[in-house]
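# Results of the structural survey
Here is how the chains run, residue by residue.
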Amino acid sequence: MSWLNAMIDRLRYRSVPPPEDRSRMRAVANNLVLHLHPTRVPAPALRFSRTWGLGGISALLSVLLIATGVLLMFRYDASIERAYPAVQAMETVIPFGSLLRGIHHWAGNLLMITVVLHMVRVFASGGFRGERRMNWVVGLGMLVLVLTFNFTGYLLPWDQLAFWAITVGTGLLIYVPLVGQAISDFLLGGPEVAQSALRNFYALHVALLPVVLIFGLSYHFWRVRKDGGVTIPPQSEQVTKLTTIPHLVTAELGVALITLAGLVIFAMAVPAPLEALANAAHPPNPAKAAWYFLGVQELLMHMHPLAALSLAASGLLGLAVLPLWDRDTSDEGVYFRSQTGRRAGMIGAALAIVLTPLLVLVDELWLDLPTLLAPISTLISNGLLPLLLTLGGLAGIYAGLRGALRARHSEALVGLFSFVMVALVVLTAVGIWFRGPNMALVWPF
Ligand code: HEM
C-alpha cells in the first residue's frame, strides 16, 4: 500500500501548503486588503450602525454580478430567435443554470435596494459635505449606472415581461425634451423594440457598463480613503484606532458570508422569473415598467409625461446639488443632525405615508384637472399646474419644518429628504401592488 500512502501524502501536501507558503499567501491577502483600507481605523467607524455594511454589500453584489454574468454569457445568445430558448435551457437542462441565473437576477434587484439604502445612510450621517462632496456625486453616478445596468439586463431574456417593460420604459424617453427621441433611437436602433434593441442592450450590459462600473467603483473606494474614511461624529477625546486586520476584515467577511448565504438560499427557493416568449402583438394587461421605475410610471398616471419626468429630474438634480445646498459640517457624522433633525425626518416620513396615497386617491377618483380647466391646454392643466403644486408643496413642508420646529436649514432638509424618499417608496408600492388591468386601482388582498 505504499503507493496509496504516497498518493495521500501528495494530496495532503497539495491541500495544506507548508508554513512558509501559507505565510506568503497571507501576506498577499493582507497586502490586497491594505490597498483598499488604511492599516488602522478609528473604533467608532467599525460600529455596524455606522454603515450597516451597505457600501460593502453593494460592492460584493457588484463583483458577484460580474462573475455570474460572465458565466451566463457562455450560454446566452443575443438574437431574438435564440435568446429565449437559451434562457429556457438554462432553467431546465444546464446543470446549475437556474441557480446561476437566479443569483444574477436577485443580486441585481438587491443591489438596487442596497445602493439606495447606502445613499440614505450617507445622507443621514451627513457624509455628503466637506471633502466628501465629490464622492457623493460619484456615488450618484453609480446609482444611475446600477439603474441602467438593471434596465439593459431586463430585456435580455426576451420574454413577455422583458419586452413590454422595455417598451413602456423606452416609450417614456421620447418625452424628454430635445434629446429624448435621439436617446430612444440610439438605444433601440430603430422605431421599436426588436433585434437591434436586443443587440444594443446586450452590448451596453456586458461591455460598456461593466467597464464604467469597475472604473467608477475603484475611484469611489479610493476617494473614501482619501477623504478620511467613513463619516464619524467629532470626538471630544482622543479616539482609539484599531488595526484593520483582523478587526475590520473579520466584520467585512462576516457580512459578506451572511449576504452570500442569504442570496444563494433565496435564489434556490425563488427562481428568476421567465414568462412566455415575447410577442409584440399581445401586450399584457397591465403593461408595467420594471419595479424600480414604477414610482415614475405612477407619477405619469397623474400628470403630463413632461411634468412627471421634470419632477423626477428635479429630484435627481436636488440630490446632485445637495453638497452645495447644505454645507454645514458642524454636525458631521451625527445621525439626522440632532434631536430636531430626527423629529423633522419622522414628520417628513409620516406626511409622505399619509399624503401620497391620499393624493393618488383624490386624483384618481375625484379630481380631473384637464376637464375642470377645459379651455386651457393640457400641457398646463395636467402638466405645469400639478408640477408647480407638487414643488410648492415640497417648499411648504420645508418652510413648515423651519417655522414649527425651529429647525436649522440642515435639519429641515432631513425632513424634506425623508418626505421625498418615503413618497417614492409609496408610489412604487402603489405601482407594484395596487394597479391592475388597464392600470386601474385595485385592492390586492
Ligand atoms: C454600486 C454602488 C456603490 C458602492 C459599491 C459603494 C460603496 C461604498 C463603500 C464600500 C463605502 C465605505 C463605507 C461603507 O461601507 O458604507 C462608501 C462610502 C461612501 N459612498 Fe458609496 N457606494 C455606492 C454608491 C453610492 C451612492 C449612490 C452614493 C450617494 C449618492 C454614495 C456615496 C458615498 C459617500 C459620500 C461615501 C463616503 C462617506 C461615508 O462613508 O460616510 N455611494 N461607498
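Higher on the page you've got the structure.
Residues numbered from 1 in each chain as written. Predicted model: local features only at pLDDT ≥ 70, side-chain atom pairs only at ≥ 80, totals over all residues. Heavy atoms only, no water.

Attention now goes to the site of the ligand. Lining the immediate surroundings of the ligand are 24 residues, of which His 118, Arg 121, Gly 139, His 220 and Thr 231 lie closest. Between the ligand and Arg 121, the relevant distance is 3.0 Å, taken from an oxygen atom to a side-chain nitrogen or oxygen of the residue. The side chain of Thr 231 places a nitrogen or oxygen atom 2.3 Å from an oxygen atom of the ligand. Element by element, the count of residues in the shell around the ligand is highest for helix α8 (residues 133-154), at 6 residues. Counted by class, the shell around the ligand contains 12 nonpolar, 10 polar and 2 charged residues. (Near = heavy atom within 4 Å. Polar contact = N/O pair within 3.5 Å; in protein donor to acceptor, adjacent residues only side chain to side chain. Helix = DSSP H or I, 4+ residues; strand = E, 2+ residues; numbered from the N terminus. Nonpolar A, V, L, I, M, F, W, Y, C, P; charged D, E, K, R; others polar.)

A word on a nonpolar patch on the surface. Nonpolar side chains collect at one region of the surface, where Ile 376, Leu 379, Ile 380, Leu 384, Leu 388 and Leu 391 lie side by side and expose about 500 Å² of accessible area between them. With respect to the element layout, Leu 384 can be found in helix α18 (residues 378-404). On the accessibility criterion, Leu 384 (45% relative accessible area) is partly exposed. (Patch = residues over 30% accessible without salt bridge, like charges linked within 9 Å, V, L, I, M, F, W, Y side chains within 5 Å. Areas by Shrake-Rupley, 256 points an atom, 1.4 Å probe, with all protein chains shown as cover. Salt bridge = Lys/Arg side-chain N within 4 Å of Asp/Glu carboxyl O. Buried < 20%, exposed > 50% of the residue type's maximum accessible area, 1.4 Å probe, protein only.)

With that settled, the discussion passes to the coordination of the iron atom of the ligand. Here the iron atom of the ligand is held by His 118 (NE2) and His 220 (NE2), and the distances to it run 2.0 to 2.2 Å. Classification of His 220 by relative accessible area gives buried; the value is 14%. (Donors = N, O, S within 2.8 Å, 3.2 Å for Na, K, Ca; no water.)

In total, this model carries 11 salt bridges according to the counting rule given. With a shortest N-O distance of 3.4 Å, Arg 129 and Asp 326 are connected by a salt bridge. Residue Arg 129 is found in the loop between α7 (97-124) and α8, and its partner Asp 326 is found in the loop between α15 (322-325) and α16 (339-365); the two are separated by 197 residues along the sequence. On the basis of relative accessible area, Asp 326 is assigned to the buried category, the value being 1%. With a closest N to O distance of 2.7 Å, Arg 129 and Asp 331 form a salt bridge. Within this pair, whereas Arg 129 is found in the loop between α7 and α8, its partner Asp 331 is found in the loop between α15 and α16, the two being separated by 202 residues in sequence. Here the two residues Arg 129 and Asp 331 agree in accessibility, since each one is buried. Several salt bridges share partner residues, and in doing so they unite Arg 129, Asp 326, Asp 328, Asp 331, Arg 408 and Glu 411 into one network.

In this structure, Ser 125 sits in the loop between α7 and α8. Among all residues touching Ser 125, those that are not within four sequence positions of it are Arg 50, Thr 231, Glu 332, Gly 333, Val 334, Tyr 335 and Arg 337. (Contact = heavy atoms within 4.5 Å.)

Here the focus is the side chain of Ser 184. Assignment of secondary structure puts Ser 184 in helix α10 (residues 180-188). Every residue in contact with Ser 184, bar those within four places of it in the chain, is listed here: Thr 170, Leu 173, Ile 174 and Gly 189.

On inspection of all chains with the given rule, the structure shows 17 aromatic pairs. Their ring planes at 15 degrees and their centres at 3.8 Å tell us that Phe 123 and Phe 417 sit as a pair that is stacked. Remark: Phe 417 occurs in helix α19 (residues 409-433) and Phe 123 occurs in helix α7; sequence separation between them is 294 residues. Using a relative accessible area of 3% as the deciding quantity, one classes Phe 123 as buried. Classification of Phe 417 by relative accessible area gives buried; the value is 11%. Their ring planes at 85 degrees and their centres at 6.4 Å tell us that Phe 434 and Phe 445 sit as a pair that is edge-to-face. Of this pair, Phe 434 sits in the segment after α19 while Phe 445 is found in the segment after α19, placing the two residues 11 residues apart along the sequence. Given a relative accessible area of 23%, Phe 434 falls into the partly exposed group. A network of ring pairs unites the aromatic residues Phe 151, Phe 201, Trp 291, Tyr 292 and Phe 293 as a single cluster. When the ring centre of Phe 128 is taken as reference, the NZ or CZ atom of Arg 129 above it lies at 5.4 Å. The side chain of Arg 337 reaches across the aromatic face of Phe 123, ending 5.0 Å from its centre. (Phe/Tyr/Trp six-rings, centres within 6.5 Å; stacked < 30°, edge-to-face > 60°. Lys NZ or Arg CZ within 6 Å of the ring centre and 35° of its normal.)

The values are spatial; any link to function lies outside them.
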